[in-house]
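Okay, here's what each chain looks like letter by letter:
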Amino acid sequence: MSTNINRRDFMKLTSMGVSASALSSMINSAEAAEYKPKFHHKAKAKSVIFLYMSGGVSHVDSFDPKPLLKKMHGKPMPMKVQKTQFDNNGNIFQSPWESKKYGQSGIELTNLFPKINEKIDDIAIVRSMTAKFSEHAQGNFFMHTGFPFLGYPSAGAWVSYGCGTLNKNLPSYVVLKTKNAGIMHGGVSVYGNAFLPAVHQGSIFNISGDQAVPNIQAWMQNKQQTEMLSLVKKLDQRFSKKVAYEEAIVSSVKNTETAYEMQASVPELTDISGESKATLEAYGVNDKDQNKSEYAKQCLMARRLVERGVRFVELSCCRAGGGGGGAANPWDQHSDLPKSHKKMADHVDQPIAALLTDLKERGLLDETLVVFTGEFGRTPFSQGSNGRDHNPYGFSLWMAGGGVKGGTVYGATDELGYYAVDKIATVYDLWATVLHQLGINHEKLTYRFSGRDIRLTDVHGHVWDEILV
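The structure displayed is predicted, hence computed values, not measured ones.

### Details of the environment of Asn89
Link 1 in the chain: Mapped onto the fold, Asn89 is located in strand E2 (residues 89-92).
Link 2 in the chain: Between the C-alpha atoms of Asn89 and Pro76, which are 13 residues apart in sequence, the distance is 9.9 Å.
Link 3 in the chain: When sequence neighbours within four positions are dropped, the list of residues in contact with Asn89 reads Val81, Gln82, Thr84, Phe381, Ser382 and Asp389.
Link 4 in the chain: Of note is the side chain of Asn89, whose polar atom sits 2.9 Å from the side chain of Thr84.

### Considering unusual backbone geometry
Link 1 in the chain: Look at Asp336: it is not a glycine, yet its phi comes out positive at around 50 degrees.
Link 2 in the chain: Mapping Asp336 onto the fold places it in the loop between strand E8 (312-315) and helix H12 (337-361).
Link 3 in the chain: A relative accessible area of 30% places Asp336 in the partly exposed class.
Link 4 in the chain: Within the chain, Lys423 stands out as a residue other than glycine whose phi angle is a positive 50 degrees.
Link 5 in the chain: Its location among the elements puts Lys423 in the loop between strand E16 (420-422) and helix H13 (427-437).

### Here we look at the packing of aromatic side chains
Link 1 in the chain: On inspection of all chains with the given rule, the structure shows 25 aromatic pairs.
Link 2 in the chain: Here Phe147 and Tyr152 contribute two aromatic rings whose centre-to-centre distance is 3.7 Å and whose plane-to-plane angle is 10 degrees, an arrangement assigned as stacked. Side by side, Phe147 and Tyr152 carry an identical accessibility label, which is buried.
Link 3 in the chain: Ring centres of Phe312 and Trp431 lie 6.3 Å apart, and the angle between their planes is 45 degrees; this geometry places the pair in the tilted category. Placement of the pair is Phe312 in strand E8 and Trp431 in helix H13, with a sequence separation of 119 residues.
Link 4 in the chain: The exposure class of Trp431 is buried, given its relative accessible area of 1%.
Link 5 in the chain: One aromatic cluster is present, built from ring pairs that chain together Phe147, Phe149, Tyr152, Trp158, Tyr161, Phe195, Tyr447 and Phe449.

### Quick look at helix H7 (residues 155-163)
Link 1 in the chain: Across the 9 residues of H7, 9 count as buried, placing the element largely inside the fold.
Link 2 in the chain: Taken together, the buried positions of H7 are occupied by Ala155, Gly156, Ala157, Trp158, Val159, Ser160, Tyr161, Gly162 and Cys163.
Link 3 in the chain: Packing partners of the buried residues in H7 comprise helix H6 (136-145), strand E6 (173-177), E8, H13, strand E17 (447-449) and strand E18 (452-454).
Link 4 in the chain: Backbone geometry just after H7 places Gly164 at a positive phi near 75 degrees.

### Side note on H13
Link 1 in the chain: Of all 11 residues making up H13, 10 are buried, and the element is well covered by its neighbours.
Link 2 in the chain: N-capping of H13 is provided by Thr426, with a side-chain oxygen placed 3.3 Å from the backbone N of Tyr428.
Link 3 in the chain: Gly439, located one to two residues past H13, shows a positive phi value of around 90 degrees.

Thresholds, definitions, all that
Residues numbered from 1 in each chain as written. Predicted model: local features only at pLDDT ≥ 70, side-chain atom pairs only at ≥ 80, totals over all residues. Heavy atoms only, no water. Helix = DSSP H or I, 4+ residues; strand = E, 2+ residues; numbered from the N terminus. Contact = heavy atoms within 4.5 Å. Polar contact = N/O pair within 3.5 Å; in protein donor to acceptor, adjacent residues only side chain to side chain. Buried < 20%, exposed > 50% of the residue type's maximum accessible area, 1.4 Å probe, protein only. Phe/Tyr/Trp six-rings, centres within 6.5 Å; stacked < 30°, edge-to-face > 60°.

Pasting the structure below:
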């Protein structure tokens, strides 16, 4: 077999599914560049499930009900109103949903998410979240990376980098999609690794089709791959000497290795035929509502992924509503909020509640941190007649499992739900807390880039100790 092959041929060979297990051990000079995870304290969680509600859920219609809105419905706002995305601001708009106390903790919630509400004793609500940006793309980047623009790693990439992998047969950061779920504003870079090694970028699994990952089914026999490896062994030393970027080699090697292992692991992962009928029904996998069915499959797949040791799993909402919300931002109801928010809630409520129940019954909730949030909240006053504009000045998110103290509330907004006024919380605090539960001190998880030690929380961030066990 000839060895007169250039770099392009080399890359072509490794892209064919050649096992990089052997290749990894060959490039000895590059192994020193690989980051070895170092935990700073005992971890409470092993994995994160990120339930991202792109577009912005209305907190005053869900997890932060405000009785004063009903009393003052139709009246002008009694406080300063900030510039909004569309500046078509109306008067105070009462919630279309009723509220009551739920669980032994007696936390007041609306009935927008009735099934999630039943799990409130396992949930900690942060009602004083704030963001710095009220535009979707900037908001998505900021919530995911701590910065409002391209060029910085996603939180999932940071978790992968900081914690390492628990399953070498699967990526450590997986983004789940289905047919009706779009990519959020900002594009796939929101899931990117930026300057971190490429092995940490989010891998998108579209679980609606026959293959969650394109071309995952091997088209070459192992014998052929082994023959190629013998050639790669001869090329290895010469290639590594010519390439200055050792870290890039390591990432390429690891990605190829993972891709090879995924040929067997992904089809097994996505085959849910072994799940019980009761489990499928609990999630709503076969629901006649296609959006609920799709999101149910994502939730079930999230459980299967963390069960197999995947560190960070992000889910994508389907477009079920209207009112301005598109495939990229389905929760963005600038009009017709009562109808559209209900449609959106109906397709995620049951699957998410089932996910929490399933994780708990399997003993996985204690080691899995579940986070529910959008990029911002919505205004307590109307946009037009029955919509709400973006509100980054005060909104809610919730967390469950992974050492979180359920049945608790952290912080508060004012009586109308406009501004955070107590224990003001930030995106930096969120990720500082997530990393803390994973055994990582957010101030110590850094990466040297462009002459500076950069971190997910920039130069900010405080752990929410009050909601932790």
